[in-house]
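In case you want the letters, here they are:
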Amino acid sequence: MIYLVNASPNKDGNSVKFAKKFLAGKEFETVHLVDYHIEQYGQKAEQDQFFQVYEKLSQADVLVFTSPIYWWSFSGLLKTFLDRVADVPYPTEALKEKQVFFLLQGSQPSKEVEMLDYVMNRFCSNYGLQYQGLAVSDYELNEIEGWELAPLQEKLAQVVEK
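Everything numeric here is computed off the predicted structure, so don't read it as measured data. (Residues numbered from 1 in each chain as written. Predicted model: local features only at pLDDT ≥ 70, side-chain atom pairs only at ≥ 80, totals over all residues. Heavy atoms only, no water.)

Student: So what's going on with the nonpolar core? Residues and values would help.
Tutor: Core analysis: the largest hydrophobic core is formed by 35 residues, its most contacted members being Phe65, Phe81, Phe102 and Met120. For this core, the elements supplying multiple residues, two or more each, are strand S1 (2-6), helix H2 (50-58), strand S3 (62-70), helix H3 (76-84), strand S5 (99-105), helix H5 (111-126) and strand S6 (130-137). Examining the composition of this core, we find that five residues originate from one element, H5, more than from any other. Beyond its immediate chain neighbours, meaning those up to four positions away, Phe81 contacts Leu33, Ile38, Phe50, Val53, Leu57 and Phe65. Phe18, Phe101, Leu103 and Leu156 belong to the second largest nonpolar core, which has 14 residues in total. (Core = buried A, V, L, I, M, F, W, Y, C linked by side-chain atoms within 4.5 Å. Buried < 20%, exposed > 50% of the residue type's maximum accessible area, 1.4 Å probe, protein only. Helix = DSSP H or I, 4+ residues; strand = E, 2+ residues; numbered from the N terminus. Contact = heavy atoms within 4.5 Å.)

See the structure below:
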């Protein structure tokens, strides 16, 4: 099963359009992080829905994270979600060996992309996920095929065929 994790506050924005292009021809379910109340790391609240999202994603074989770039980083929704994984006791068992693809939209070319690639790679390494890499688009999604999407799609095809 493939889960698209949309970390944009816009459910039908360019980040989702980019991800749908990436996932063309594949069956997937979308999780819009904006639909869930996820507290910041270290905070407790009765209405917190982090574990609901975490449990859903732990059922996936493939996770595709998509985020716009805001202020030289991915969205706060994604940052909060990644931070909260540290709240899970022994999370590596639920996440172990899941394939992760990362799509960034809105800042290409940019030095920040290397840093964000490093952050996702480290996150995956820490929690036993298999990071497959990222693809980047420009703000208006011009020439979407030219922004490293095809090589990452080939990796996805190999992972899904297994």
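Student: Lay out H5 with the relevant residues and their values.
Tutor: The end-to-end C-alpha separation of H5 is 24 Å, in line with the 22 Å expected for 16 residues at 1.5 Å each. Of all the positions in H5, only Val113, Leu116, Met120, Phe123 and Cys124 are classed as buried. With its buried residues spanning 95° around the axis, H5 presents them on a single face. For H5, the exposed residues set more than 90 degrees away from the buried face come down to Lys111, Glu114, Tyr118 and Ser125. Buried residues in H5 make contact with S3, strand S4 (73-74), H3, S5 and S6. At the C-terminal side of H5, Gly128 shows a positive phi close to 75°. (Expected span 1.5 Å × (residues − 1). Arc of directions from axis to C-beta.)

Student: Please give an account of the side chain of Ser58 that cites residues and values.
Tutor: Looking at the secondary structure, you find Ser58 in helix H2. The exposure class assigned to Ser58 is buried, which follows from its relative accessible area of 13%. When sequence neighbours within four positions are dropped, the list of residues in contact with Ser58 reads Ala94 and Lys98.

Student: Describe helix H1 (residues 14-22), and please don't skip the residues or the numbers.
Tutor: All of the buried residues in H1 are Ser15, Val16, Phe18, Ala19 and Phe22. An end-on view of H1 places all buried positions within 160° of arc, on one side of the element.

Student: An account of the pattern of salt bridges is needed here, citing residue identities and associated values.
Tutor: Counting across every chain of the model gives four salt bridges. Between Lys11 and Asp35 there is a salt bridge whose closest N-O contact spans 2.7 Å. Linking Lys11 in the loop between S1 and H1 with Asp35 in the loop between strand S2 (29-32) and H2, this pair joins segments that are 24 residues apart in sequence. On the basis of relative accessible area, Asp35 is assigned to the partly exposed category, the value being 40%. One salt bridge in this structure joins Arg84 and Asp48, with 2.9 Å as the shortest N-O distance. Pair noted here: Arg84 is in helix H3 and Asp48 is in the loop between S2 and H2, with a separation of 36 residues, a long-range link. (Salt bridge = Lys/Arg side-chain N within 4 Å of Asp/Glu carboxyl O.)

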